Amino acid sequence: MKMTNIYEGSYQWIMFGRDENKPDNIIDTNQYMVRTAKRSLLIDPGGVELFSPMLAAVLHYAPADQITDLFASHQDPDIISSLGLWDQALPKAKLHASDLWEGFIKHFGCESIEYVPINDNGGTINLDEVELQIIPAHYMHSSANFNIYDPQAKILMSGDVGAALEEPDSPIFVENFDLHIEKMRFFHQRWMPSNHAKKVWIDRVRELDIDILAPQHGRMFKGDDVNRFLDWFETLQVGTAV
Amino acid sequence: MCKGKTKSQFVAVASIAAELNAVMDVAKEISLAAANAKAIAFRAGEKAKGFQPITDFINELAKETIELVTDVNEHAIELYQLTVNNYRTTNVYTQLKLVENLSQDAVFISSIEQPLLKAQIKMDKCKRDFKMNITQLLDQLAEVMHPARAARVIAANSRIEASQAGEYLQSLQAVAESVDNAAQIIHDNVQRCRSALSVVEQTD
């Protein structure tokens, strides 16, 4: 599992991904961690197949008892099917996820972890001195979907928005946006269901000051590539299967 | 616990539930046969006098079987839950052991000791509960065999009594036959349950 610091201030953002031991038949995913002095948030901690390499990697940054918060952008298995294992490994932790998905996500096993339901308007997650914003991203692609925005680090963890299907050993940042487009096109056209929801999301995200747009699959966007992505996405017709 | 073992455990526990369901159906059939026999014996009057108490016995045996199977069923559901728990706790322990191996050079590796210990305690308790449940279930299944054996003896007596029932001979013999068949089916099904349980016991 590769570990990359993507923000270093009074706290850290770490990206985990490109696991070389990942089984070939499951999609590659990016996991993120926000590490403060005494607490840690795992954003989209991943599927059940990824639990061991993920926890092993996390232990380079934080002890198990300081992994205090998990966040699931939506209910998909590649996002949170590892929940049942985190549930037994973490002595005290909360899972922040949509109130709509509570009864569904709990199927993965949620005995000791406290489920903190997020209503449709979003909210905040406070980690020591850091306040992270939970941004609604409904229908992007899941019907109840959220992103995490850190106004201090200027990072938007955008879930499946900005995702690309590519080789597991690909670089972690987009290097040539034009060449990257074809890796994203099908994913967005097929997985994103609504042009209206897309417009609402883009309008909302354009209000944010973003240095890094960090999706759950593929490469991250930084600097001008963030706006390039928003411009490209704005013109893309989605929901193409019907 | 390897995947093959887990799979055979789940299959074995599911097959026990299916066999018990069949036993329940057959026990209900015996109960119906007893009611039927009682009606025939009543119509036959004096000719089937010896048969009348037998019908009560048959009914009692059916009731006893239904009660026993209801208990066994509850136990089997518990066994299913324990199989799931056994799988889950073993999986958690295995995964945490893997984390321990993968994170040898991690700064915070020692923080995994507590969760690992907790997982091991949970897994061990689960395995103990699981084994205890299997033993209890095997005992209960042995009990279900008793009325089934008794029913076969009663079926033999019924045939003798039926032979003296004149024109009701055929009807009463049919009743004795169906009780005998049902008892045989119960016996076979329960035996299959016990074999399935042995598989579970060995794979754990």
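Residues numbered from 1 in each chain as written. Chains lettered and ligands numbered in written order. Predicted model: local features only at pLDDT ≥ 70, side-chain atom pairs only at ≥ 80, totals over all residues. Heavy atoms only, no water.

Asks: Teacher, can you tell me more about the overall build of chain A here?
Replies: A tally of regular secondary structure across chain A gives seven helices and 13 strands. Against the 2.2 N^0.38 benchmark of 18 Å for 242 residues, chain A shows a C-alpha radius of gyration of 17 Å, consistent with a compact globule. Its C-alpha atoms give chain A principal-axis dimensions of roughly 45 × 40 × 35 Å. For chain A, buried positions account for 61% of its 242 residues. (Helix = DSSP H or I, 4+ residues; strand = E, 2+ residues; numbered from the N terminus. Rg over C-alpha atoms; globule rule 2.2 N^0.38 Å. Buried < 20%, exposed > 50% of the residue type's maximum accessible area, 1.4 Å probe, protein only.)

Asks: What's the story with the sheet that holds strand β12 (residues 212-215) of chain A in this structure? I'm lost.
Replies: Two pairing modes exist for strands in a sheet, parallel and antiparallel, and in both the strands are linked by backbone hydrogen bonds. Residues and elements named next belong to chain A. Taken together, six strands build an open sheet; the order of strands is β8-β9-β10-β11-β12-β13 and the sheet is mixed. What marks the edges here is a single partner per strand, and that holds for β8 (123-127) and β13 (221-222). Relative to strand β10 (residues 146-150), strand β9 (residues 130-136) is paired through four bridges, and the arrangement is antiparallel. Residue pairing for β10: Ile 135 is matched across the bridge by Asn 147. (Pairing = 2+ DSSP bridges.)

Asks: I'm lost on the nonpolar core in this one. Help?
Replies: Note that soluble globular proteins tend to have their nonpolar side chains buried in a common cluster. Ranked by size, the top nonpolar core spans 51 residues in total, and within it Ile 16, Leu 20, Phe 51, Leu 79, Leu 172, Ile 186 and Leu 197 of chain B carry the most contacts. Of all the elements in the fold, those that place two or more residues in this core are α1 (3-44), α2 (51-102), α3 (113-162) and α4 (169-203) of chain B. Here this core gets 14 residues from one element, more than from any other, and that element is α1 of chain B. If we skip the residues at most four places from it in the chain, Leu 20 of chain B touches Val 69, Val 72, Asn 73, Ala 76, Leu 141 and Cys 193 of chain B. Counting residues in hydrophobic clusters, the runner-up holds 43 residues, among them Tyr 61 and Ile 79 of chain A together with Ile 112 and Ala 119 of chain B. (Core = buried A, V, L, I, M, F, W, Y, C linked by side-chain atoms within 4.5 Å. Contact = heavy atoms within 4.5 Å.)

Asks: Can you help me understand the sheet that holds strand β1 (residues 2-8) of chain A in this one?
Replies: All names here are of chain A. Strand order in the open sheet formed by seven strands is β1-β2-β3-β4-β5-β6-β7, with mixed pairing between adjacent strands. Two strands lie at the open edges of the sheet, namely β1 and β7 (114-118), each paired on one side alone. Ignoring which end each strand starts from, the neighbouring axes of this sheet average 20° apart. The sheet contact formed by strand β4 (residues 40-43) and strand β5 (residues 67-71) spans four bridges and is parallel. Bridge pairing in β5 links Ile 43 to Phe 71. (Axes fitted to C-alpha atoms, helices over the stretch in contact; angles between N-to-C directions.)

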